[in-house]
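Breakdown of the fold
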Amino acid sequence: MRPEVSVVFPVYNEQENLDVLFERVHPVLEEAANGSFEVIFVDDGSADGSEEFLDALSERDHRYKVIHFSRNFGHQAALQAGLEATRGHAVVLMDADLQDPPELISRFIVKWREGYKVVYAIRKRRKEASWKRLAYWVFYRSMRFIAEIDAPLDAGDFCLMDRRVVDTLIGLPERNRFLRGLRSWVGFKQVGIEYERDARNAGDAKYSLSKLIGLAVSGYVGFSSFPLRMAAWLGVSASLAGFAMTIWVIFSRIFVPHVPQGWASLIAVVLFVGGVQLIMLGVIGEYLGRVYDEVRQRPLYVVSSRVGFADNKVSIETVEFADQILARE
Ligand code: UDP
Ligand code: MG
């Protein structure tokens, strides 16, 4: 039987947060989903004891399940693995560091029962470093400006999705996943709920600056051809400027006595045009890299074992154990 609600937590070295997380999530689910729920932790290559904690939790309560990755594959891959494993009528995605308050799940479920297929959380205020807040602010606004989808402002991955939406998302073929963008792309009846984003409960952010930049680039490149088109626009403006310059040169040659021999302006123009060309090569490289990524068709992640699933695929440990027994006979 399908549980009412599935919750997916990507976990990367969150040992210090997991017990508080359990204490806050469990009562909410018992009440809001009448105990008909499953929680899927995707252990994204943790090495701080999170793995053992989750396995023990799953042992105690079979509604808690764990997927262990063979190494760190990243947050978006973990979300994808979690989505694929869920069976609930509704699926909630949230972070394991308690920045997404579990109590909001009840409000999600109320909206879902009203008929909305996607309920996402909108961050009203963030309790984070100011440079990070500024970066997010710029990202979401520029994304809205150039993206070909209508992505809501300040909405992260924290959301509830109906089964229909989840099945559509899982079926999308692309490998470069920018989930909050894809979620807007699929459509259906969507609604946002405002909340204040808490600070992380404990530990440091697991998203490094380079991972965050990677995510932002995925957003831009995955949902817009604007950066590519920029080449054309820059080219047009550079040629117009060059044209104006030529006219000026001819004009001054004829009418102005003693024209200064401006090599400095020449260098400036050469550098500018060279810079524009390099930038645009970089942009094209970004798209090309992604095309290459898609063509290779490597899986998004590799699972080393699954714990607590009824249809438990045979894990490596089980295979080794069986081999040992066979060898003894
Ligand atoms: N996470 C993950 N793999 C990673 C990085 C992060 O599964 O490579 C998880 C992490 O454990 C947390 C969530 O993704 O549950 C969000 O990470 P974090 O809090 O570091 O991101 P931020 O809140 O700074 O955006
Ligand atoms: Mg966080």
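I will try to describe carefully the structure that is included in this document. Nothing here was measured: the structure is a model prediction, and the numbers come from that model.

1. Comments concerning empty space enclosed by the protein
Going through the model one piece at a time under the given rule, you end up with 1 cavity of 30 Å³ or more. Looking at the largest cavity, its volume works out to about 80 Å³. For the largest cavity, the full set of lining residues is F139, Y140, M143, R144, A151, P152, A155, F178, R180, G181, R183 and S184. Of all the secondary-structure elements, those providing two or more residues to the lining of the largest cavity are helix 5 (130-146) and helix 7 (179-186).

2. A closer look at the side chain of S46
Relative to the assigned elements, S46 resides in the loop between strand 2 (37-43) and helix 2 (50-60). Not counting residues within four places of it along the chain, the set of residues in contact with S46 comprises V11, Y12, N13 and E51.

3. Here's the deal with the sheet that holds strand 7 (residues 190-197)
Strand order in this open sheet of 8 strands is 7-5-6-4-1-2-3-8, and the pairing throughout is mixed. Whereas interior strands pair on both sides, the edge strands pair on one side only; in this sheet they are strand 7 and strand 8 (303-307). Strand after strand, the sheet turns through a mean of 20° between neighbouring axes, direction not considered. Helix-sheet contacts for helix 4 (residues 104-113) involve strand 1 (5-11), strand 4 (90-93), strand 5 (118-126), strand 6 (155-162) and strand 7, and the interaxial angle to strand 6 is about 50°.

4. Some words on the site of ligand 1
Around ligand 1 there are 20 residues in total, and E14, D44, D97, Q99 and K206 lie nearest to it. One of the backbone N or O atoms of Y12 is found 2.9 Å from an oxygen atom in ligand 1. Side-chain polar atom of Q99 to an oxygen atom of ligand 1: 2.5 Å apart, as the coordinates give it. For ligand 1, the accessible surface in isolation is 530 Å², of which the surrounding protein chains cover 97%. Spatially, ligand 1 is embedded in the largest pocket. Residue classes in the shell around ligand 1 are distributed as 7 nonpolar, 4 polar and 9 charged.

5. Considering the packing of aromatic side chains
Any aromatic ring pair is given by two values, namely how distant the centres are and how the planes are angled relative to each other. Here the structure, examined in full by the defined rule, presents 13 aromatic pairs. Between F9 and F41, the ring centres sit 5.4 Å apart and the planes meet at 20°, which makes this aromatic pair stacked. Of the two residues, F9 sits in strand 1 while F41 sits in strand 2, which places them 32 residues apart along the sequence. Among the residues examined, F41 registers a relative accessible area of 4% and is labelled buried. One Lys or Arg, R60, reaches over the ring of F22 and ends 5.8 Å from the middle of that ring.

6. Re the nonpolar core
Ranked by internal contacts, the top residues of the largest apolar core, which has 41 residues, are V42, F69, L83, L93, M161, L169 and F223. Element by element, the count of residues in this core is highest for helix 3 (residues 75-85), at 6 residues. In this structure, V5, L29, F41 and M94 belong to the second largest nonpolar core, which totals 36 residues.

7. As for the environment of L57
Structurally, the position occupied by L57 is in helix 2. Each C-alpha atom, one on L57 and one on P257, is 87 Å from the other, the two residues being 200 residues apart in sequence. The residues contacting L57, other than those within four sequence positions of it, are F22, F41 and Y64.

8. Considering the layout of surface pockets
By volume, the largest pocket amounts to about 750 Å³. In terms of lining residues, the largest pocket is bounded by 40 residues, among which H75, Y136, Y207, L212 and L215 are the most central. Within the residue set of the lining of the largest pocket, elements represented by two or more residues are strand 1, strand 5, helix 5, strand 6 and helix 8 (209-223). Of the residues contributing to the lining of the largest pocket, the split by class is 18 nonpolar, 5 polar and 17 charged. F73, A77, R175, N176 and L300 are, among the 22 residues lining the second largest pocket, the residues nearest its centre. Where the lining of the second largest pocket is concerned, the elements lending two or more residues are helix 3, helix 8 and helix 10 (263-296). Top element by residues in the lining of the second largest pocket is helix 8. It accounts for 4 residues. A breakdown of the residues in the lining of the second largest pocket according to their chemical character gives 7 nonpolar, 7 polar and 8 charged.

Procedures and definitions
Counting restarts for each chain: residues are numbered from 1 in the order of the written sequence. The naming scheme follows written order: chains are lettered A onward, ligands numbered 1 onward. Selection of residues for local features in this predicted model requires a pLDDT of at least 70, selection of side-chain atom pairs for listing and counting requires 80 or more, and totals for whole chains, interfaces and linings are taken over all residues. Water and hydrogen atoms were dropped before computing side-chain values, which therefore reflect all heavy atoms in the structure. Throughout, the protein atoms alone are placed on a 1 Å grid, and a set of points is a cavity if a 1.4 Å probe fits but cannot get out or a pocket if it is open with protein on both sides within 12 Å along at least five of seven lines; lining residues have an atom within 4 Å of a point. Grid points are joined across faces, edges and corners, and a volume is the space filled by probe spheres set on the points. Starting at the N terminus, helices and strands are each numbered in turn, a helix being any DSSP run of H or I of at least four residues and a strand any DSSP run of E of at least two. What makes two residues a contact is simply this: any of their non-hydrogen atoms within 4.5 Å. Strand pairing requires that DSSP identify at least two bridges connecting the strands. Axis lines are fitted to C-alpha atoms, over the contacting stretch for helices. Their N-to-C directions set the angle, which ranges from 0 to 180 degrees. The cutoff for a nearby residue is simple: one of its non-hydrogen atoms must lie within 4 Å of the molecule or strand. Identification of polar contacts relies on pairs of N or O atoms within 3.5 Å, with a donor-acceptor requirement for protein atoms, meaning one able to donate a hydrogen and the other able to accept it, and with residues adjacent in sequence counted only if both atoms are side-chain atoms. Here the Shrake-Rupley method, with its probe set to 1.4 Å, supplies the accessible areas, and only the displayed protein chains count as covering residues. More than half of a molecule's atoms lying within 2 Å of a cavity's or pocket's grid points is what places that molecule inside it. Residue polarity is assigned by list, with Asp, Glu, Lys and Arg as charged and Ala, Val, Leu, Ile, Met, Phe, Trp, Tyr, Cys and Pro as nonpolar; anything else, Gly included, falls into the polar class. Think of it this way: a Phe, Tyr or Trp ring, Trp meaning its six-membered ring, pairs with another when their centres are within 6.5 Å, and the plane angle makes it stacked under 30 degrees, edge-to-face over 60, tilted otherwise. For every residue, the accessible area obtained with a 1.4 Å probe (protein chains only) is divided by the maximum for its type, and the residue is called buried under 20%, exposed over 50%, and partly exposed between those limits. To sit over a ring, a charge needs its Lys NZ or Arg CZ within 6 Å of the ring centre and within 35 degrees of the ring normal. Nonpolar core, defined: a set of buried Ala, Val, Leu, Ile, Met, Phe, Trp, Tyr and Cys residues in which side-chain atoms within 4.5 Å join the residues together.

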